[in-house]
Amino acid sequence: MQVTSVVRDPLVTGGKTVKDVSHDISRQVEGKPTRSWWIAMAISVVLFAYGFYCVCTVLWNGIGVWGLNKTVGWAWDITNFVWWVGIGHAGTLISAILLLFRQKWRMSINRAAEAMTIFAVICAATFPLIHMGRLWLGFYWALPLPNAFGSLWANFNSPLLWDVFAISTYFTVSLVFWYIGLIPDFATIRDRAVVQGNNIRAQIYNALSFGWQGGAKTWMRYESVALILAGLSTPLVLSVHTIVSMDFATSVIPGWHTTIFPPYFVAGAIFSGFAMVLTLLLVTRVVFKLEDYITIYHIELMNIIIIVTGSVVGIAYITELFISWYSGVEYEGYAFYNRVQGPFAWSYWSMMTCNVISPQLFWIKKIRTSIAATFVLSIIVNIGMWFERFVIIVTSLHRDYIPSSWTGFHPTMFDIGEYVFTFGLFFTAFLLFAKFFPVINMAEVKSIVRSDSEKPHHKEGLGA
Amino acid sequence: MDADKNFLVGVFDDEDAVLKGIKKVRGAGLKIHDVFSPFPVHGIDDALGIKKSRLPIAAFLFGLTGTSLALTMQIWMLGYDWPMIIGGKNFVSLPPFIPVTFELTVLLAALGMVATFMIASNLKPYSWPRQFDVRSTDDKHVMAIDLDLNGKSKAEISQILKDAGASEVNEKNFE
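Rules used throughout
- Numbers given for residues are sequential positions, taken from 1 along each chain in its written order.
- Going through the entries in the order they are written, you letter the chains from A and number the ligands from 1.
- Reporting in this predicted model follows two pLDDT cut-offs: at least 70 for local features of residues, and 80 or more for side-chain atom pairs to be given and counted; totals over whole chains, interfaces and linings ignore these cut-offs and use all residues.
- The side-chain quantities take in all heavy atoms of the structure and omit both hydrogens and water.
- Labels follow the DSSP assignment, with helices taken as runs of H or I lasting at least four residues and strands as runs of E lasting at least two, numbered in each case from the N terminus.
- Throughout, radius of gyration means the C-alpha value; the globule benchmark is 2.2 Å times the number of residues raised to the power 0.38.
- Relative accessibility under 20% of the residue-type maximum defines a buried residue, over 50% an exposed one, and the middle range a partly exposed one, all with a 1.4 Å probe and only protein chains included.
- In what follows, residue pairs with any heavy atoms lying within 4.5 Å of each other are defined as contacts.
- Shrake-Rupley sampling with a 1.4 Å probe provides the accessible areas, and residues are treated as covered by the protein chains on show and by no other component.
- None of His or the chain ends enter the tally, which takes Lys and Arg as positive and Asp and Glu as negative.
- Every charge is mapped onto a representative atom, which is NZ of Lys, CZ of Arg, CG of Asp or CD of Glu.
- UniProt positions are given in the numbering used here, feature names are shortened, and annotations may be inferred rather than shown by experiment.
- The set of buried Ala, Val, Leu, Ile, Met, Phe, Trp, Tyr and Cys residues whose side-chain atoms join them within 4.5 Å is what this entry labels a nonpolar core.
- Residue ranges assigned to the domains are those given by an automatic or database domain assignment.
- Residue-level confidence of the predictor is summarised by pLDDT, bounded by 0 at the bottom and 100 at the top.
- To estimate the expected span of a helix, count its residues, drop one, and scale the result by 1.5 Å.
- What makes a salt bridge here is a side-chain nitrogen of Lys or Arg within 4 Å of a carboxyl oxygen of Asp or Glu, nothing more.
- Two strands pair under a simple rule: DSSP has to find at least two bridges between them.
- Between N-to-C directions, angles cover 0 to 180 degrees, with each direction set by a line fitted to C-alpha atoms, over the stretch in contact for helices.
- Oblique is the label for any angle not under 35 degrees, not over 145, and not in the 65 to 115 range, which are roughly parallel, roughly antiparallel and roughly perpendicular in turn.
- Crossings are sorted by hand: turned counterclockwise from the far helix by less than a right angle, the near helix makes the crossing left-handed, and turned clockwise it makes it right-handed.
- Throughout this entry, Asp, Glu, Lys and Arg are counted as charged residues, while Ala, Val, Leu, Ile, Met, Phe, Trp, Tyr, Cys and Pro are counted as nonpolar. The remaining residues, Gly among them, count as polar.

Participant: What am I meant to see in the overall build of chain A here?
Facilitator: Helix and strand counts for chain A stand at 17 helices and zero strands. Taking 2.2 N^0.38 as the reference for a compact globule, 464 residues should give roughly 23 Å; the C-alpha atoms of chain A span a radius of gyration of 24 Å, in line with that estimate. In terms of principal-axis extent, the alpha carbons of chain A reach across some 75 × 60 × 40 Å. Relative to its full complement of 464 residues, chain A shows a buried share of 58%. Taking the contacts inside chain A whose residues are at least 6 apart along the sequence as the reference set, 83% of them involve residues at least 24 apart. For chain A, the computed accessible surface area is about 18700 Å², with 71% contributed by carbon and sulfur atoms. Charge-centre separation for chain A: the mean point of 30 positive side chains lies 8 Å from the mean point of 25 negative side chains.

In structure tokens, the structure reads:
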């Protein structure tokens, strides 16, 4: 069963043993936080606090403090919502779809990517919640509860309600999947705490691990659970952004009413999700000294996924443009002419540059194996994906059917402040995760280290 | 002496050793209480003769519950309890009900299966497990043999474990 491949490169470098894996990953949880962690945390908390002030102002005064107007009734709120949900697609894609495809390289990155997913979905959810204005009444609007004035139910024909179910199911299932993966690792930290004589830590991590022992039967059931959760999550990942795209596609607004939206949104989501995973992991691997676990090979593979999804997104943009002309519908044609040529052309061309041209640089091996280049491009991709949503939403709305109501859109400090709020929330949560939870799935990585790195790796046999 | 209290614990260094060890120990006629590993070892269920998990059936049944619950809820709410004219559409039509039905199917299947797994495997946040050897979550594979169920002396069992490839054999008693 321990087959050392002569073809594939090892996934974990540095000749790590099973014991090294426990030590290298648990060390982070057991030690005191580093200086750079405190600095990052301080910045995140400041962002969070400023954003929280802006959110409170919006809740107190109503969403009139945003830059929305009668024509542009949706702008930064929904842009940011779709952007964050998109980012939240990579984690479960990595852990579920790559598990079904038996891609073992997922094992060092799935834990952090899933954590990112969960925090990104929480950030996304804040936008529709706050946009409801009186979010404490939102239960009656969003959930199928009888309201106080009679048994008037939620409208199941509305894609916005589908979104409520899609996002909350996605969040719950991703959280459960992530937590199931954490249980054996919490037990490892508990048992290390027992050996080190740290009783408090042992008690806390025992509770977190649900008293995990790792018996043969439990492991067998555990693998069965992981496989079925992966099978359930795979269509779920694809459904979430499909349903988000239906918020637009089922409307009759030119530029939104297109059948290409579901696959185009899903590809864009995976594209931006992988970019955010790269941004975070490139920092995490250096700060926590995990270069042997998250190797250049992992980074290269993720960059290849970025080329593929980036190209799908590029083709979708061009198809959209072509169909708007080929359909012969003048409103559709104008919506796209206005995107390319109108007052928001700068955002359209930013989107085109960041999403279509920049990922093509990864065809060059030197660039996709360069950490600095990957880091810069991963951020550019996420800027581009933000502009994509902004372009779709604002340029389709600001010049509607009646030219007398044409208008522009300017964000106020509260639009920006709420975006800042989600960044504060996201990074605070991620830093807490990185400090107190094992950032790499130890149990899974242990199952691959022996076949990969303990035995000498050689490629001599290849020429024959 | 009562069963399930006194154990001999064989410690194996890696998954190949423990898989070979299980065959030898079972070949010698010993009953294995359990084998604890830091990560899932492929083939260990066959070696120990554990039956296939029935969790997939549980997941399917929970999923089916989700599907029926979602369809019943939507058809009853919008079709019978309070029909509303929305854009002149039919009160009950299947296509717009599919997204919520799909989501609730997945949600119930996932949560129900995980809850079943937790209960079946006795995973609770407030219980401290019996630890045969704390290294079993680090790098060792630990085989526990109940001393009172096998009708063999401690020395005999210990010798069988050592012959099977255990790097050390310890005694563990629980009160």
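Participant: Quick question: what am I supposed to make of the UniProt feature "transmembrane region" (unreviewed entry) in chain B here?
Facilitator: Those residues carrying the UniProt feature "transmembrane region" (unreviewed entry) are residues 57-77 and 97-120 of chain B in this numbering. As annotated, residues 97-120 of chain B comprises 96% helix and 0% strand, and the C-alpha atoms at either end are separated by 34 Å.

Participant: Help me out: how do you make sense of the nonpolar core in this one?
Facilitator: The nonpolar side chains of a soluble globular protein tend to be buried, and buried together. W84, L229 and F433 of chain A are the most contacted members of the largest nonpolar core, which totals 186 residues. Shared between two domains, this core takes at least three residues from each, and those domains are domain 1 (6-52 + 136-173) and domain 2 (55-120) of chain B. Residue contacts for L229 of chain A: discarding those within four places in its chain leaves V173, V176, F177 and I180 of chain A together with A110, M113 and V114 of chain B. In terms of nonpolar packing, the next biggest core, distinct from the first, is built from seven residues, F7, V9, F132 and F174 of chain B among them.

Participant: Looking at this structure, how should I read the confidence of the model for chain A?
Facilitator: Low pLDDT means the predicted atomic positions in that stretch should not be read closely. In the predicted model, chain A carries a mean pLDDT of 87, and the fraction of residues at 70 or more is 94%. Across residues 452-464 of chain A, where pLDDT falls below 50, the model places 21 contacts with residues more than four positions away in sequence or in other chains.

Participant: Is there a simple way to think about helix α13 (residues 345-357) of chain A in this case?
Facilitator: Residues spaced three or four apart along an α-helix face the same direction, because each turn holds 3.6 residues. All names here are of chain A. Spanning 13 residues, α13 covers 17 Å between terminal C-alpha atoms, matching the ideal 18 Å at 1.5 Å per step. Those residues of α13 not exposed but buried are A345, S347, Y348, M351, M352, C354, N355 and V356. Where α13 is buried, its residues meet α10 (261-287), α11 (296-326), α12 (330-341) and α15 (371-398).

Participant: I'm lost on the domain arrangement of chain B in this one. Help?
Facilitator: Segmenting chain B into domains produces domain 1 (6-52 + 136-173) and domain 2 (55-120). Domain 1 of chain B and domain 2 of chain B are separated by 46 Å when their C-alpha centres are compared.

Participant: Teacher, can you tell me more about helix α3 (residues 76-87) of chain A here?
Facilitator: Residues and elements named next belong to chain A. The end-to-end C-alpha distance of α3, which contains 12 residues, comes to 16 Å, matching closely the 16 Å that a straight helix rising 1.5 Å per residue would cover. With 12 of 12 residues buried, α3 lies mostly within the body of the structure. Every buried residue belonging to α3 is among W76, D77, I78, T79, N80, F81, V82, W83, W84, V85, G86 and I87, and all of these are buried.

Participant: Explain the pattern of salt bridges to me, please; I cannot follow it from the model alone.
Facilitator: Close approach of charged atoms allows side chains with opposite charge to pair. This model, assessed by the stated rule, comprises 12 salt bridges over all chains. Of the charged contacts, one joins D138 of chain B and K19 of chain A as a salt bridge, the two residues approaching to 2.8 Å between their closest N and O atoms. Highlighted residues: D138 of chain B in the loop between α4 (98-120) and β3 (141-146) and K19 of chain A in helix α1 (residues 18-30), drawn from two different chains. Classification of D138 of chain B by relative accessible area gives buried; the value is 9%. Ionic pairing is found between E444 of chain A and R106 of chain A, a salt bridge with its closest N-O pair at 3.1 Å. One end of the pair, E444 of chain A, is in helix α17 (residues 442-454); the other, R106 of chain A, is in the loop between α4 (89-100) and α5 (110-131), and 338 residues separate them in sequence. The exposure classification of E444 of chain A matches that of R106 of chain A, with both residues buried.

Participant: Can you walk me through the sheet that holds strand β1 (residues 6-12) of chain B in this structure?
Facilitator: Sheet strands pair by backbone hydrogen bonding; their relative direction is either parallel or antiparallel. All names here are of chain B. Sheet architecture is open: four strands sit in the order β2-β3-β1-β4, paired in antiparallel fashion. On the outer flanks of this sheet lie β2 (32-36) and β4 (168-173), each paired with one strand and no other. Across the sheet, the mean angle separating the axes of adjacent strands is 25° when strand polarity is ignored. As defined by bridge partners, β1 adjoins β4 across six bridges and the pair is classed as antiparallel. Paired with N6 across the bridge in β4 is N173. Across the sheet, helix α1 (residues 15-27) touches β1, β2 and β3, and the angle it forms with β3 is around 20°.

Participant: Got a minute to help me understand the packing of α13 of chain A against α15 of chain A in this structure?
Facilitator: If you want to describe how two helices pack, look at the angle between their axes and the distance between the axes. All names here are of chain A. Close contact between α13 and α15 brings their axes to 8 Å; oriented N to C, the two are set at 140°. As far as their axial angle goes, α15 and α13 are oblique. Here α13 and α15 pass one another in a crossing that is left-handed. When α13 is examined against α15, the residues W346, S347, Y348, S350, M351, C354 and N355 are found in contact with a partner set consisting of I380, V381, G384, M385, F387, E388, F390 and V391. Residues of the contact of α13 with α15, tallied by class, amount to 10 nonpolar, four polar and one charged.

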